[in-house]
Amino acid sequence: MLQPNSHADRRKRPREGLSIQIWRFIFLFAGLYCLYQVRLVLVPLVLGVLVAYVINPALLYLERFDFDRTRMLIVIYLLFIFAFVGFLIFLTPNIRNELQDLKTLIPKIPDELHAKSTKMQVYLDNYVPQQYIDSLISVTKGHAQEFMLRMISTAHIKILNAFTVLSLSLMVIVISFFFLKDGNMIYKSMVRFIPNKYFEQVLHVICQVDTIIGNYLRGQFIESFIVGILTVAGLFILKLKYGLLIGISAGILNVIPYVGPTLGAVPAIIVSLVISNSPSLIPVILVFIIVQTIDNIVLKPIVIGKSVEIHPIAVFMALLIGGSLFGMMGVLVAIPAYACIKVIFKILYNELIFRIE
Amino acid sequence: MPSIKHLFQYYFKTQSDISRESLEFHLKNSYLFEYLSPTELGRLKNICHERTYKAGEYIFHTGKEADAVYIIKTGKVVITCNPSPDKEEILTELESGEFFGETGLLPKVQRMANATAASQTELIAIMRDEFNGFVGRFPRTGTKILLQLINVLGQRLMKSNQEIVQSMKESDDASA
């Protein structure tokens, strides 16, 4: 007959040797270093996982009707590819033309702004000496021209490089397909490696993190999509030039909390100031304010809800830390990463309290 | 000539059969899942985790947060409690087909007993978070399982009520 160790005995068990702990840390850091070295290969992998996260709920919904997952997946991917090809066929020429136009327009922006600013000089002369204004304008002009031209020309090459886009898209499609098809099997075989001692806690953490990331990504995807469409529609009504491009970029930038919507409005403001027969500034700004109001009052509570409940100060801190550590990528992943770390710490804290008690 | 409906079913519908070695077979043997159809068992299989424990290995301890329910595939499990910190008493022994830790399916519940593998034991674990998602996707199947769970918890509540009444009677008799 088995006589289990008592609860008290378990607590008196000697701790694991220090050398084992050190070896674990060495393996962990070696693993992280290897990941850092192959970070470029990770891009399609991460994108594939993100796409899988967005599509998975549709599959889970269809599973209710007892549909075969793989066959359903093939149908969804075929529809997705048709939609993507259609999008490319209809929108690429427009975007391309707008980018080409923009390239010729960029060098004129500082001059146009200078012309507009001369109207303000009358007021400024009373407060700031003329030489300061002139030097400021010349320095800004040089830098802005150089920076924007470089940005647009490199973006042009990168975005329209058909081979890169197609190969990356193909890799993402294939990776996400296999993640969706065999994701459960991969997940289960990884769970097998978790020691029995930590099984429940680790799986609880994984489930919580999975829920947070899934809700956040799907919410952001839907929110950005609707914000993009509303902005394009608003700018289309105002007949602002480059409305499509500005609307798409506003939708993408909307992913960055607080800062993103302002950044998304900047190109529209510049275009309305610079191009002669474009609508005046106030209606353009009003479009962005209306879209953001709809986003904050209607979309955010419905789409994202309380899935990622974080204090605004924590959001700012997370964005600053993410941005300073990993740049733009850091800003994008800062919020879900913070939410995940919060959940992990909460569960670890409960575990620690249990051990102390 | 097959109809469009048949073609649709041929392409999309899953086929399920239960072999004696399959996970579905072991799930069907358990009281919680005995009323589930082969298709429902096939769906449930997706959220099951198979775990192997050595003889004497703890599965969970008293006071820990409960996050999973376990079904014994093979082997034996001993459920014990700690009336005092230095003492451990055996409450029951469970064998293949039986389940334990069912309170793990309820939110924010702590384990009331310890569970230990008495021999080399294979278990099927179902996590609460994954089970909640499953009930959301398949409410009919979820209701069947939850009704069985209510049945078990109700019987246990009735049994402990009877024990309390019995012990009160005994203490009254002793004082009289």
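Calculation notes
Residues numbered from 1 in each chain as written. Chains lettered and ligands numbered in written order. Predicted model: local features only at pLDDT ≥ 70, side-chain atom pairs only at ≥ 80, totals over all residues. Heavy atoms only, no water. Helix = DSSP H or I, 4+ residues; strand = E, 2+ residues; numbered from the N terminus. Buried < 20%, exposed > 50% of the residue type's maximum accessible area, 1.4 Å probe, protein only. Contact = heavy atoms within 4.5 Å. Areas by Shrake-Rupley, 256 points an atom, 1.4 Å probe, with all protein chains shown as cover. Pairing = 2+ DSSP bridges. Axes fitted to C-alpha atoms, helices over the stretch in contact; angles between N-to-C directions. Parallel < 35°, antiparallel > 145°, perpendicular 65-115°, else oblique. Nonpolar A, V, L, I, M, F, W, Y, C, P; charged D, E, K, R; others polar. Salt bridge = Lys/Arg side-chain N within 4 Å of Asp/Glu carboxyl O. pLDDT = per-residue confidence, 0-100. Patch = residues over 30% accessible without salt bridge, like charges linked within 9 Å, V, L, I, M, F, W, Y side chains within 5 Å. Buried area = accessible area lost by both parts, 1.4 Å probe. Polar contact = N/O pair within 3.5 Å; in protein donor to acceptor, adjacent residues only side chain to side chain. Expected span 1.5 Å × (residues − 1).

Visitor: How should the overall build of chain B be read in this particular structure?
Guide: Counting secondary structure elements, chain B contains 5 helices and 8 strands. Across chain B, helices and strands are ordered from the amino to the carboxyl terminus as α-α-α-β-β-β-β-β-β-β-β-α-α. Counting the 176 residues in chain B, one finds 41% classified as buried. Put simply, 70% of the contacts in chain B that link residues at least 6 apart link residues at least 24 apart. Carbon and sulfur atoms make up 56% of the accessible area of chain B, which amounts to about 9,800 Å² in all.

Visitor: It is not clear to me how the overall build of chain A should be interpreted in this structure. Could you clarify?
Guide: What chain A contains, in helices and strands, is 12 helices and 0 strands. Along chain A, helices and strands appear, N-terminal first, in the series α-α-α-α-α-α-α-α-α-α-α-α. In chain A, buried positions account for 32% of the 357 residues. Considering only contacts within chain A whose residues lie at least 6 apart along the sequence, 70% involve residues at least 24 apart.

Visitor: In this structure, what is going on with the sheet that holds strand β1 (residues 48-53) of chain B? I would like to understand it.
Guide: In sheet architecture, strand pairing relies on hydrogen bonds along the backbone and comes in two forms, parallel and antiparallel. Taking strand neighbours across the sheet as the criterion, the 4 strands line up as β1-β8-β3-β6 (chain B) in an open arrangement whose pairing is antiparallel. Every other strand in the sheet has two partners, leaving β1 and β6 (99-100) of chain B as the edge strands with one partner each. One ladder, built from 6 bridges, connects strand β3 (residues 68-74) of chain B with strand β8 (residues 121-127) of chain B; its direction is antiparallel. Bridging from a neighbouring strand, B:A68 pairs with B:M127 of β8(B). Those strands touched by helix α8 (residues 199-238) of chain A are β1, β3 and β8 of chain B, and its axis lies near 30 degrees from that of β8(B). Along the sheet, helix α4 (residues 128-137) of chain B makes contact with β1, β3 and β8 of chain B, crossing β8(B) at roughly 55 degrees.

Visitor: Mind showing me how you'd approach the packing of helix α4 (residues 69-105) of chain A against helix α9 (residues 243-253) of chain A here?
Guide: Packed helices, taken two at a time, are described by their axes: the angle between them and the distance between them. All names here are of chain A. Direction vectors running N to C along α4 and α9 enclose 100 degrees, while the axes themselves pass 9 Å from each other. As summarised for this structure, α4 and α9 are arranged roughly perpendicular, according to the angle between their axes. Across the interface between the two elements, L91, N94, I95, E98, L99 and L102 of α4 pack against G243, L244, L245 and I248 of α9. Counted by class, the contact of α4 with α9 contains 7 nonpolar, 2 polar and 1 charged residues.

Visitor: I'm lost on the pattern of salt bridges in this one. Help?
Guide: Opposite charge on two side chains makes pairing possible when the charged atoms of those side chains draw close. For the structure on display, the rule yields 11 salt bridges over all chains. B:K45 is the partner of B:E24 in a salt bridge, and the nearest nitrogen-oxygen pair spans 3.9 Å. Of this pair, B:E24 sits in helix α2 (residues 23-28) while B:K45 sits in helix α3 (residues 38-45), and the two are 21 residues apart along the sequence. Residue B:E24 is classed as buried on the basis of its relative accessible area of 8%. What emerges from the salt-bridge pattern is a single network uniting A:R192, B:E50 and B:K73.

Visitor: What am I meant to see in the confidence of the model for chain A here?
Guide: As a note on interpretation, predicted positions should not be read in detail where pLDDT is low. Taken as a whole, chain A shows an average pLDDT of 78; of its residues, 83% reach a score of 70 or greater. Low confidence marks residues 1-14 of chain A, where pLDDT is under 50. Its contacts with residues over four positions away, or in another chain, come to 31 contacts.

Visitor: Mind showing me how you'd approach the sheet that holds strand β2 (residues 58-60) of chain B here?
Guide: All names here are of chain B. Strand order across the open sheet formed by 4 strands is β2-β7-β4-β5, with antiparallel pairing between neighbours. With one partner strand each, in any of the chains shown, β2 and β5 (89-95) form the two edges of the open sheet. In this sheet, adjacent strand axes meet at a mean angle of 30 degrees when their direction is disregarded. Two elements, β2 and strand β7 (residues 114-117), share 2 bridges in a ladder whose sense is antiparallel. Across the sheet, residue F60 finds its bridge partner in β7, namely A115.

Visitor: Could you clarify how one ought to interpret a nonpolar patch on the surface in this entry?
Guide: Residues and elements named next belong to chain A. Residues I313, M317, L320, I321, L325, F326, M328, M329, L332 and V333 make up a contiguous nonpolar surface patch of roughly 1,000 Å² in combined accessible area. Along the polypeptide, V333 turns up in helix α12 (residues 312-356). V333 sits in the partly exposed class, given a relative accessible area of 41%.

Visitor: Quick question: what am I supposed to make of the interface of chain A and chain B here?
Guide: Put simply, an interface is often sized by how much accessible area is lost when its parts join up. Contact with chain A, which involves 38 residues of that partner, is made by 51 residues of chain B. Taken together, both faces of the contact between chain A and chain B bury some 3,700 Å²; the carbon and sulfur share is 51%. Broken down residue by residue, the surface that chain A buries against chain B is led by A:D66, A:N196 and A:E200, which jointly contribute 18%. Among the salt bridges present, the one from B:E50 reaches A:R192, with a minimum N-O distance of 4.0 Å. Linking chain A with chain B are 15 residue pairs in polar contact (both at pLDDT 80 or more), by the criterion used here. Residue assignment for the side of chain A that touches chain B shows that the elements contributing at least two residues are α1 (7-12), α3 (39-63), α4, α7 (162-191), α8 and α12 of chain A. Per element, the largest residue contribution to the side of chain A that touches chain B is 7 residues, and it comes from α8(A). Split by residue class, the side of chain A that touches chain B holds 18 nonpolar, 9 polar and 11 charged.

Visitor: What's the story with helix α5 (residues 139-175) of chain B in this structure? I'm lost.
Guide: The periodicity of an α-helix, 3.6 residues per turn, causes residues three or four places apart in sequence to face the same way. All names here are of chain B. Over its 37 residues, α5 runs 52 Å from end to end, which matches the ideal 54 Å to within 8%, given 1.5 Å per residue. Considered for burial, the residues of α5 that qualify are T141, G142, I145, Q148, L149 and V152. Against α3, β6 and α4 lie the buried residues of α5.

Visitor: Would you take a moment to explain the environment of B:D129 for this structure?
Guide: Secondary-structure assignment places B:D129 in helix α4. Sequence separation between B:D129 and B:G104 is 25 residues; the distance between their C-alpha atoms is 9.9 Å. Those residues in contact with B:D129 that sit more than four places away from it in its chain are A:H204, A:C207 and A:Q208. At 3.4 Å, the side chain of B:D129 forms a polar contact with the side chain of A:Q208.

Visitor: Looking at this model, I keep getting lost on the pairing of strand β4 (residues 76-81) of chain B. Mind explaining?
Guide: Regular strands have side chains that alternate between both faces of the sheet. Residues and elements named next belong to chain B. The buried count for β4 comes to 5 of 6 residues, which makes it a mostly enclosed element. Pairing geometry for β4 and β5, over 6 bridges, is antiparallel. When the bridges of β5 are listed, V78 appears paired with E93. Pairing geometry for β4 and β7, over 4 bridges, is antiparallel. Each bridged residue has a counterpart across the sheet, and for I79 the counterpart in β7 is A115.

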